[in-house]
Amino acid sequence: METKEHPTVEKKKITPDKCVVTGKGEWYFPLSDIYETPDNFTILIDMPGVGTDNISIDLRDNELVINGEVSQEAYTDEKVVYNEYNIGHYHRHFVISDAINRDKIEAKISDGVLSLVLPKAEHVKPRKIEVKTE
Amino acid sequence: MGLMKWERTGPLDSLTHIQKEMSDLLDILSSTSPMEGYASMEFPPIIVSANEEHVFVRAELPGIKIADLDIQVVDDVLTIKGERKSVAVTAKATYLRRERNYGTFARSIMLPEKVDVERVSASYKNGVLLVKLPKAAEAKPKQVVIQKA
């Protein structure tokens, strides 16, 4: 197996100001990657423990608000012996500009990674200007 | 340092500004936790829990293919190895922000109790790996029957 840099984990606790607090538990700031291709922007967010049923993505004005909730039910009859991470909900928000076609934002979550595809609006896509000959 | 209002300043003002910058820097260098609020740790972070029958090990491993995971139990040591592969992005993609990490990882943990190696099972759901290790018969609590003399 080739050696590469080891992944590390950072979790930052946040004060929920923009998230709707519906249950108990801490809120965390999940890590994300954003990349741009000629046609769209993609946001990837790590949300381990979150499935399609407990995620909400809202577009309010210019803000894309993502909340993911994690259930702690599994631990009812277990005693925690050793703990390295806290189970908590996730919240993150992004401000998006007019360069995004808001009607066509797509989201999917698989294996605890949320991927949001934000297509660029037609007017910002790179285009070639043809030179006409007369 | 946040945004500062632009003001017409005299030459001495910039000295106090430098002084402030220096004391800010000293604060950063001397603070005990430079990453306040962050808990940086080994990957993957785990939680070990137990009930009467089983020991459970959970690990946060978002975005990993089951085929890239290798889990082994030898005596009372559990080893989780694997690789988190980068998403295949086209050559035309430009990263604007990169917080998530990729790469290979391996970690071994000592289990709190003897387990039945033959019956260990693992599942992966929503980016969380759960390894269920049944306790070995000798580690389970046994009721001692008191006999009348």
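Residues numbered from 1 in each chain as written. Chains lettered and ligands numbered in written order. Predicted model: local features only at pLDDT ≥ 70, side-chain atom pairs only at ≥ 80, totals over all residues.

> Summarise the overall build of chain A; cite the residues concerned and give the values.
A tally of helices and strands in chain A yields zero helices and 10 strands. Shown N-terminal to C-terminal, the secondary structure of chain A runs as helices and strands in the order β-β-β-β-β-β-β-β-β-β. Counting every position in chain A, which comprises 134 residues, the buried fraction comes to 26%. Expressed as a percentage of contacts within chain A between residues at least 6 apart in sequence, the contacts between residues at least 24 apart total 56%. (Helix = DSSP H or I, 4+ residues; strand = E, 2+ residues; numbered from the N terminus. Buried ≥ 20, exposed ≤ 12 C-beta atoms within 10 Å, placed from the backbone. Contact = placed C-beta atoms within 7 Å.)

> Describe the overall build of chain B, listing the residues and the values that go with them.
Scanning chain B for helices and strands turns up one helix and eight strands. Each helix and strand of chain B, ordered N terminal to C terminal, gives the series α-β-β-β-β-β-β-β-β. For chain B, buried positions account for 21% of its 149 residues. In chain B, 53% of the contacts between residues at least 6 apart in sequence involve partners at least 24 apart.

> Help me get a handle on the sheet that holds strand 7 (residues 79–83) of chain A, residues and values and all.
Taken together, five strands build an open sheet; the order of strands is 7(A)-1(B)-2(B)-8(B)-7(B) and the sheet is antiparallel. Single-partner strands in this sheet number two, and they are strand 7 of chain A together with strand 7 (121–125) of chain B. Averaged over all neighbouring strand pairs, the angle between strand axes comes to 20°, with direction disregarded. Where strand 1 (residues 46–50) of chain B meets strand 2 (residues 54–60) of chain B, five bridges bridge the pair, whose relative direction is antiparallel. Each bridged residue has a counterpart across the sheet, and for valine 48 of chain B the counterpart in strand 2 of chain B is valine 57 of chain B. (Pairing = 2+ DSSP bridges. Axes fitted to C-alpha atoms, helices over the stretch in contact; angles between N-to-C directions.)

> Tell me about the sheet that holds strand 9 (residues 106–110) of chain A, residues and numbers included.
Taken in spatial order, the five strands make up an open sheet running 9(A)-10(A)-4(A)-3(A)-5(B), and their pairing is antiparallel. Lying at the two open borders of the sheet, with one neighbouring strand each, are strand 9 of chain A together with strand 5 (94–98) of chain B. Strand-to-strand twist across the sheet, computed as the mean angle between neighbouring axes with direction ignored, equals 15°. In the sheet, strand 9 of chain A pairs with strand 10 (residues 113–119) of chain A via five bridges, with the strands oriented antiparallel. Bridge pairing in strand 10 of chain A links serine 110 of chain A to valine 113 of chain A.

> Any details on the pairing of strand 5 of chain B? Residues and values, ideally.
Of all five residues in strand 5 of chain B, zero are buried; the element is thus mostly exposed. As paired strands, strand 3 (residues 32–36) of chain A and strand 5 of chain B are joined by four bridges and run antiparallel to one another. Pairing of aspartate 33 of chain A across the sheet is with arginine 98 of chain B, part of strand 5 of chain B.

> Let's hear about the pairing of strand 3 (residues 69–74) of chain B: which residues, and what values?
Burial of strand 3 of chain B is sparse: only zero of the six residues sit out of reach of the surface. Hairpin connection, strand 3 of chain B to strand 4 (residues 77–84) of chain B: the antiparallel pair is bridged by two residues, and aspartate 75 of chain B has positive phi, about 50°.

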